[in-house]
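Structure assessment
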Amino acid sequence: MMYNAKGINAKAEAEANMNSALSRLMALAENYPNLKANENFIRLQDELAGTENRVTVARKRYNDAVKSFNSSIKQFPGSLFGFTAKEYYNPPAKGKMETAHKVEF
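Everything numeric here is computed off the predicted structure, so don't read it as measured data.

Along the backbone of the chain there are three helices and zero strands. For the chain, the α and β elements follow one another from N to C terminus as α-α-α. Taking all 105 residues of the chain together, the buried fraction comes to 20%. A separation of at least 24 residues holds for 59% of the contacts in the chain among residues at least 6 apart in sequence. Carbon and sulfur atoms form 56% of the exposed surface of the chain, whose accessible area is close to 8,200 Å².

Let us now look at a nonpolar patch on the surface. On the surface, Phe-76, Leu-80, Phe-81 and Phe-83 cluster together to form a nonpolar patch covering roughly 540 Å² of accessible area. Mapped onto the elements, Phe-81 comes out in the segment after helix 3 (39-72).

So, on to unusual backbone geometry. Residue Phe-76 is joined to Pro-77 through a cis peptide bond whose omega torsion reads 10°. Within the secondary structure, Pro-77 is located in the segment after helix 3.

Turning our eyes to something else, we now look at the pattern of salt bridges. Under the definition given, this model contains two salt bridges. With a shortest N-O distance of 3.0 Å, Lys-60 and Asp-64 are connected by a salt bridge. You can see Lys-60 and its partner Asp-64 sitting in helix 3, four residues apart, about one turn around the helix. Residue classification places Lys-60 among the exposed positions, given a relative accessible area of 52%.

Structurally, the position occupied by Asn-63 is in helix 3. We classify Asn-63 as buried; its relative accessible area is 15%. The residues contacting Asn-63, other than those within four sequence positions of it, are Tyr-88 and Tyr-89.

Now for the packing of aromatic side chains. On inspection of all chains with the given rule, the structure shows two aromatic pairs. With a centroid separation of 6.1 Å and 40° between ring planes, the pair formed by Phe-81 and Phe-83 is classed as tilted.

The biggest cluster of nonpolar side chains holds five residues, and these are Ile-8, Ala-12, Tyr-62, Val-66 and Tyr-89. Looking at this core, the elements that each hand over two or more residues are helix 1 (5-31) and helix 3.

This part takes up helix 3. Its 34 residues place the ends of helix 3 50 Å apart at the C-alpha level, agreeing with the 50 Å of an ideal helix rising 1.5 Å per residue. Residues Phe-41, Leu-48, Gly-50, Arg-59, Tyr-62, Asn-63, Val-66 and Asn-70 constitute the buried set of helix 3.

With that out of the way, let us pick up the confidence of the model for the chain. Averaged over all residues, the pLDDT of the chain equals 77, while 78% of them reach at least 70. Ranking the elements of the chain by mean pLDDT puts helix 2 (residues 33-37) last, at 67, and helix 3 first, at 89.

Calculation criteria
- Residues numbered from 1 in each chain as written.
- Predicted model: local features only at pLDDT ≥ 70, side-chain atom pairs only at ≥ 80, totals over all residues.
- Heavy atoms only, no water.
- Helix = DSSP H or I, 4+ residues; strand = E, 2+ residues; numbered from the N terminus.
- Buried < 20%, exposed > 50% of the residue type's maximum accessible area, 1.4 Å probe, protein only.
- Contact = heavy atoms within 4.5 Å.
- Areas by Shrake-Rupley, 256 points an atom, 1.4 Å probe, with all protein chains shown as cover.
- Patch = residues over 30% accessible without salt bridge, like charges linked within 9 Å, V, L, I, M, F, W, Y side chains within 5 Å.
- Salt bridge = Lys/Arg side-chain N within 4 Å of Asp/Glu carboxyl O.
- Phe/Tyr/Trp six-rings, centres within 6.5 Å; stacked < 30°, edge-to-face > 60°.
- Core = buried A, V, L, I, M, F, W, Y, C linked by side-chain atoms within 4.5 Å.
- Expected span 1.5 Å × (residues − 1).
- pLDDT = per-residue confidence, 0-100.

Following this line, the structure appears as structure tokens:
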């Protein structure tokens, strides 16, 4: 599978959008105690936390692979093949979304 900088940046932007939406969802839950205590909402929170953890692990693994690749192309014999260094996956800083997504229940 080929990854280019544009694709990685798009994925990083999508992750930032998801995190922003989740933050707003959690803020909404604070204002509605019945929703916060609802069993389905608690299960949703647990699943979202698990998803965030999997995304974090995948990001670290990708960046580790990029680091290894970038190191290998600078050494012999990798330097003979003309590969270019890949960019790390760095999601945009929080609060730098261009558009906000609306969460409705």
